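Architecture and fold: a report
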Amino acid sequence: MKARQNGRGSNDAPHVCEGDGLSGRFLAKLVLLNVRASETRYGMTVVAARSSEWMRPVTSQEPASAIIEIDRVSQVFQTSARKDHLALSDISLTIEEGAFVSILGPSGCGKSTLLYIVGGFVSPTSGMAKIKGHAITGPGPDRGPVFQEFALFPWKTVLGNVMYGPRQQGVRAAEAEAQSRALIEMVGLKGYENFYPKELSGGMKQRVALARTLAYHPEVLLMDEPFGALDAHTRTRLQNDLLTIWERDRKTVLFVTHSVDEAVFLSDKVIMMSKSPGRIRQVIDIDLPRPRRRNELLLDPRYQKYVVDIERMFDDSDEAGPAL
Amino acid sequence: MTSSAAMAKRAAPVFACIGLLAMWQVASLVLKNDSFPTAIEAIRAVPSILGDKESLINIFASLRRMATGFGAAMLVSIPLGLLMGRSAAVAAFFNPLLMVIYPVPKAALMPIIMLWLGVGDLTKTLVIFLGVSLPVIYHSFQGAKAVQEKMLWSGAAMGLSPLQRLVRIVLPAALPEILTGCRTGLVLALITMITSEMIARQSGAGNILFNALDMGQYDTVFAMIIIVGAMGICLDAIFERVRARLVRWSEPQFDIPLSFS
Ligand SMILES: Nc1ncnc2c1ncn2[C@@H]1O[C@H](COP(=O)(O)OP(=O)(O)OP(=O)(O)O)[C@@H](O)[C@H]1O
Ligand SMILES: [Mg+2]
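Anyway, here's the lowdown on the structure attached to this text. From a predicted model like this one, the values you see are computed outputs, not experimental measurements.

For the rest of this paragraph, the subject is the overall build of chain A. A tally of regular secondary structure across chain A gives ten helices and ten strands. For chain A, restricting intrachain contacts to residue pairs at least 6 apart in sequence, the fraction spanning at least 24 positions comes to 72%. When the accessible surface of chain A is totalled, it reaches about 14,100 Å², and 51% of it is carbon and sulfur.

Bringing the sheet that holds strand S4 (residues 126–131) of chain A into the picture now. Residue and element names in this part refer to chain A. On the basis of which strands lie adjacent, the open sheet formed by four strands has the order S2-S1-S4-S5 and antiparallel pairing. This sheet does not close on itself; its edge strands, each paired only once, are strand S2 (84–96) and strand S5 (134–135). Across five bridges, strand S1 (residues 66–78) lies against S4 in antiparallel orientation. Bridging from a neighbouring strand, Ser74 pairs with Ser126 of S4.

With that out of the way, let us pick up unusual backbone geometry. All names here are of chain A. Look at the link from Arg290 to Pro291: it is a cis peptide, with omega at -5 degrees. Positionally, Pro291 belongs in the loop between strand S10 (279–285) and helix H9 (294–299). For Phe150, which is not a glycine, the phi torsion comes out positive at approximately 70 degrees. With respect to the element layout, Phe150 can be found in the loop between strand S6 (143–146) and helix H4 (158–168). For Phe150, a relative accessible area of 16% corresponds to the buried category. Even without a glycine there, the phi angle at His217 is positive, about 50 degrees.

Its place among the elements puts Thr234(A) in helix H7 (residues 232–249). Separated by 2.5 Å, the side chains of Thr234(A) and Asp231(A) make a polar contact.

All names here are of chain A. This model, assessed by the stated rule, comprises 19 salt bridges over all chains. The partner of Lys132 in a salt bridge is Glu219, with the nearest N and O atoms 2.4 Å apart. On the criterion of sequence distance, the pair formed by Lys132 in the loop between S4 and S5 and Glu219 in the loop between helix H6 (202–214) and strand S7 (220–224) is long-range, its members being 87 residues apart. For Lys132, a relative accessible area of 43% puts it in the partly exposed group. Between Asp309 and Lys305 there is a salt bridge, with its nearest N and O atoms 2.9 Å apart. Note that Asp309 and Lys305 are positioned in helix H10 (residues 301–319) at a spacing of four residues, about one turn of the helix.

Nonpolar side chains tend toward joint burial in soluble globular proteins. Ranked by internal contacts, the top residues of the largest apolar core, which has 86 residues, are Ile70(A), Leu254(A), Met273(A), Leu82(B), Ile169(B), Met193(B) and Met224(B). What Met193(B) contacts, discounting residues up to four positions off in sequence, is Ser62(B), Leu63(B), Met66(B), Ile128(B), Ala205(B) and Met231(B). Within the second largest apolar cluster, 52 residues are counted, among which are Leu152(A), Ala209(A), Ile310(A) and Phe314(A).

Time to look at a positive patch on the surface. Taken together, the side chains of Arg10(B), Arg241(B), Arg245(B) and Arg248(B) define a basic patch exposed on the protein surface. Inspection of the secondary structure puts Arg248(B) in the segment after helix H10 (218–246).

This next bit is on the site of ligand 1. All names here are of chain A. Neighbouring ligand 1 are the residues Phe77, His85, Ala87, Ser107, Gly108, Cys109, Gly110, Lys111, Ser112, Thr113, Glu225 and His258. Gly108 has a polar backbone atom sitting 2.8 Å from an oxygen atom of ligand 1. Contact distances for ligand 1 include 2.5 Å between an oxygen atom and a side-chain N or O atom of Thr113. For ligand 1, whose unbound accessible area comes to 630 Å², protein coverage reaches 63%. Contributing elements (two or more residues each) for the shell around ligand 1: S2 and helix H3 (111–119). Per-element tally for the shell around ligand 1: the top contributor is H3, with three residues. Of the residues belonging to the shell around ligand 1, the class tally is three nonpolar, seven polar and two charged.

Looking now at the pairing of S10(A). Residue and element names in this part refer to chain A. Alignment of strand S9 (residues 269–274) against S10, held across six bridges, turns out to be antiparallel. When the sheet's bridge partners are listed, Met272 is paired in S10 with Gln282. Counting the residues between successive antiparallel strands, the hairpin from S9 to S10 contains four residues, one of them, Ser276, with a positive phi of roughly 30 degrees.

Next up on the list: the packing of aromatic side chains. Residues and elements named next belong to chain A. Within this structure, the stated rule accounts for 15 aromatic pairs over all chains. Note on Phe100 and Trp246: the rings are 5.6 Å apart at their centroids and 80 degrees apart in plane angle, and the pair reads as edge-to-face. Note that Phe100 is positioned in strand S3 (residues 100–104) and Trp246 in helix H7, a separation of 146 residues in sequence. Phe100 sits in the buried class, given a relative accessible area of 0%. Among the aromatic residues, those joined into a ring-pair cluster are Phe100, Phe227, Trp246 and Phe255. The cationic tip of Arg212 hangs over the ring face of Phe153; the distance from NZ or CZ to the ring centre is 4.7 Å. The cationic tip of Arg294 hangs over the ring face of Phe265; the distance from NZ or CZ to the ring centre is 4.9 Å.

Rules and cut-offs
Residues numbered from 1 in each chain as written. Chains lettered and ligands numbered in written order. Predicted model: local features only at pLDDT ≥ 70, side-chain atom pairs only at ≥ 80, totals over all residues. Heavy atoms only, no water. Helix = DSSP H or I, 4+ residues; strand = E, 2+ residues; numbered from the N terminus. Contact = heavy atoms within 4.5 Å. Areas by Shrake-Rupley, 256 points an atom, 1.4 Å probe, with all protein chains shown as cover. Pairing = 2+ DSSP bridges. Buried < 20%, exposed > 50% of the residue type's maximum accessible area, 1.4 Å probe, protein only. Polar contact = N/O pair within 3.5 Å; in protein donor to acceptor, adjacent residues only side chain to side chain. Salt bridge = Lys/Arg side-chain N within 4 Å of Asp/Glu carboxyl O. Core = buried A, V, L, I, M, F, W, Y, C linked by side-chain atoms within 4.5 Å. Patch = residues over 30% accessible without salt bridge, like charges linked within 9 Å, V, L, I, M, F, W, Y side chains within 5 Å. Lys, Arg positive; Asp, Glu negative; His and termini not counted. Charge placed at Lys NZ, Arg CZ, Asp CG, Glu CD. Near = heavy atom within 4 Å. Nonpolar A, V, L, I, M, F, W, Y, C, P; charged D, E, K, R; others polar. Phe/Tyr/Trp six-rings, centres within 6.5 Å; stacked < 30°, edge-to-face > 60°. Lys NZ or Arg CZ within 6 Å of the ring centre and 35° of its normal.

These results come straight from atomic positions and should not be treated as a statement about function.
What follows is the structure, given as structure tokens:
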């Protein structure tokens, strides 16, 4: 698998983490918690499979397998003026298991809509999306969304929000709480367990939203401009934190963003979309070593070239704009 | 907020009551009308009513009907309002119906209901139920409609069924709005309770009041007004405390209007 081969020798050794909210120890603890949870939930026979899946070494040689397939998806919206608006046109896309894929494009090109279709929140006008070969017909715990609007449950505390998913999945209260506390610590919110969302800043809410989704172990993370509303500093921190988490357990991530830097920094693959109608313009493989460290990467000419090239492509599309 | 300012805030309603009673006292002394006893005379008549077993039975009967009507209204109206807020089809079905019922004074329906159900508890409870229902339905509807769609999506991704989403996401998310409706409903319950007893006289606080009026016992009439008013204020204050506690997570602390907390 491409992403894994890229992770040259980073294997199982705990990384020294950049994100100040994170520590390898907590992550390791979390992995243990998860294994223990699956033991009690599924009995011994299943444990082996699950825990090995979770701990699978980064260098595993199995062939890259598609986890999400989007097949000729189009989406038409009825606008209030009763005109049909083609938001997505004939999108086909395959996402490999464990890959970090960013969707980049101008505002209104249908990035969110595409993410909602994969999430099962919106059903496409034509075409179909599949996960692991099964048609997506609705939302499910295998796909965890993180919305730009946070969408936290305001009547629940930070802990209550994070525990919600595991509790819904039938994890016992004590276990769910232990796991959730570890996750909250991991996203750097230790001490805020009993705060209500209204008492948190935007960046903190975004961390809670991420922890809440990670808590129920979705196989695919669907993130819609999760850091869009944050200040530059918090944004950088959260990008580092997200990378650290991802480099640990290699979930498949579909990440919508406006920012070219962010897309190149985080992704294995960047999907560039163009506007009206929303189409895939280009798919760019980002061949940069992992684990990625911000300070090294910013100086890396290959990183700089990716950013400049992608930005240039956007400028070209702006010039070609009226013709579309 | 300093503690003396907090004290002043707590004491404000008490001062308002005293001020009102003082104005009443002065007005009745100036007007010297037989049918307008002074505040002091009226207050003096309160213990004799509350000490009388017959009166107490009447007042409790009133309160029981009010509680039943109010409780039944909440049980029906909250789910209905929430469903209307989340389903366009349910809203389209009930909206015209409610629009017709809304402006009709519920007490005006009493003669018809009496004709069908008699003058007993059932009729009065039903009228209270009708009086309470509309604001509760309306506020539940508004609350449910305003629930952020992404919140429901988050729940769906966690595996909540549509019914679970209604109970475990829409209901708590709309709770502040629902409780605002319930608070209005509680005051309306008291009003319709008295009105219903005025129309179908048989028992209850309203019955004591209007019997006294017929017999020209004006101090008893005004004493009953004080008792009913005090009941209303107490119920509202208790409800407000419960409400504030339930939705602490939602509200900025200082803008609770009309509260005695
Ligand atoms: N529910 C809807 N009804 C009608 N039109 C919609 C709806 N949702 C999206 N659209 C339209 O579809 C297009 C794509 O919307 P979408 O939200 O997916 O864009 P986006 O790429 O996520 O934009 P942004 O970067 O600003 O978030 C827009 O033109 C929008 O007006
Ligand atoms: Mg969007």
